Amino acid sequence: MSSENAPVTGDSGPELAALVAGASVDVPDFPKPGVVFKDLMPLFADGEVFRRVIDGIVTHQGSDSFDVVAGVEARGFVLAAAIAYATGKGVVPIRKAGKLPRKALSASYALEYGEATLEVHEDAFIAGQRVLVADDVLATGGTAAAAMDLVERAGGTVSGFSVLLELGFLDGRAKLAPRRVHALLTV
């Protein structure tokens, strides 16, 4: 992720930041030339590391600060389900367009290298329900902003947003202000 001498930082401290950095792999030129993809799948595959990052998110957010967890397709599903299980809360998927079977709300947004649309069932949340949104990476903020917009349009209240990795140089956090953003690792 970073050079051996560069300090690792994150909103839950250097230990968890280093854990995320050490459990991820850089994949150059994916999905297109010039992009360095941060592969977090090795983190998910390591049970001890995965448990520690989920515990770190739960500790930071506080299980009393949300009623349900919404996960953004696809790796956000894994995080949201684990956070929900650890806290005894429910989980709601925020899906790519065309994947939900019932009436859904949609939000389109720009990606670093394209455009996409997310959807959530329009009855996914009880009015005023506090929702923790979880995803794997915060880049430009487009996906996160669309997901949070969908939560609010469906009647929920965004109580926080947690990611494993924030690409700080893309300044996505600024796009989400004043909402609370929590990243275990910022590069």
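Structure: see above.
## Brief notes about the pattern of salt bridges
Tallied over the full model, the rule gives 12 salt bridges. Aspartate 26 is paired through a salt bridge with lysine 38; the nearest N and O atoms lie 3.0 Å apart. Separated by 12 residues along the polypeptide, aspartate 26 in strand 1 (residues 25–28) and lysine 38 in strand 2 (residues 36–39) bring together distant segments of the chain. By sharing partners, the salt bridges in this structure join Asp11, Glu166 and Arg173 into a single network.

## With respect to the packing of helix 3 (residues 47–61) against helix 4 (residues 75–87)
One can describe the packing of helix 3 onto helix 4 by two numbers: an axis separation of 10 Å at closest approach and a directional angle of 70°. The pairing of helix 3 with helix 4 is recorded here as roughly perpendicular in orientation. Considering the relative orientation of helix 3 and helix 4, their crossing is right-handed. Facing helix 3, whose interface residues are Phe50, Ile54, Ile57 and Val58, helix 4 presents Val78, Leu79, Ala82, Ile83, Ala86 and Thr87. Considering only residue class, the contact of helix 3 with helix 4 consists of 9 nonpolar, 1 polar and no charged.

## With respect to the pairing of strand 4 (residues 90–96)
As defined by bridge partners, strand 3 (residues 68–72) adjoins strand 4 across 5 bridges and the pair is classed as parallel. Counterpart to valine 69 in the pairing with strand 4 is valine 91. After leaving strand 3, the chain enters helix 4 and then returns to the sheet as strand 4, a path that is right-handed. When strand 4 meets strand 6 (residues 114–121), the two strands line up antiparallel, connected through 2 bridges. Each bridged residue has a counterpart across the sheet, and for lysine 96 the counterpart in strand 6 is leucine 118.

Each value, and the rule that gives it
- Residues numbered from 1 in each chain as written.
- Predicted model: local features only at pLDDT ≥ 70, side-chain atom pairs only at ≥ 80, totals over all residues.
- Heavy atoms only, no water.
- Salt bridge = Lys/Arg side-chain N within 4 Å of Asp/Glu carboxyl O.
- Helix = DSSP H or I, 4+ residues; strand = E, 2+ residues; numbered from the N terminus.
- Axes fitted to C-alpha atoms, helices over the stretch in contact; angles between N-to-C directions.
- Parallel < 35°, antiparallel > 145°, perpendicular 65-115°, else oblique.
- Left-handed = near helix turned anticlockwise from the far one by under 90°.
- Contact = heavy atoms within 4.5 Å.
- Nonpolar A, V, L, I, M, F, W, Y, C, P; charged D, E, K, R; others polar.
- Pairing = 2+ DSSP bridges.
- Right-handed = clockwise from strand over helix to strand, strands pointing away.

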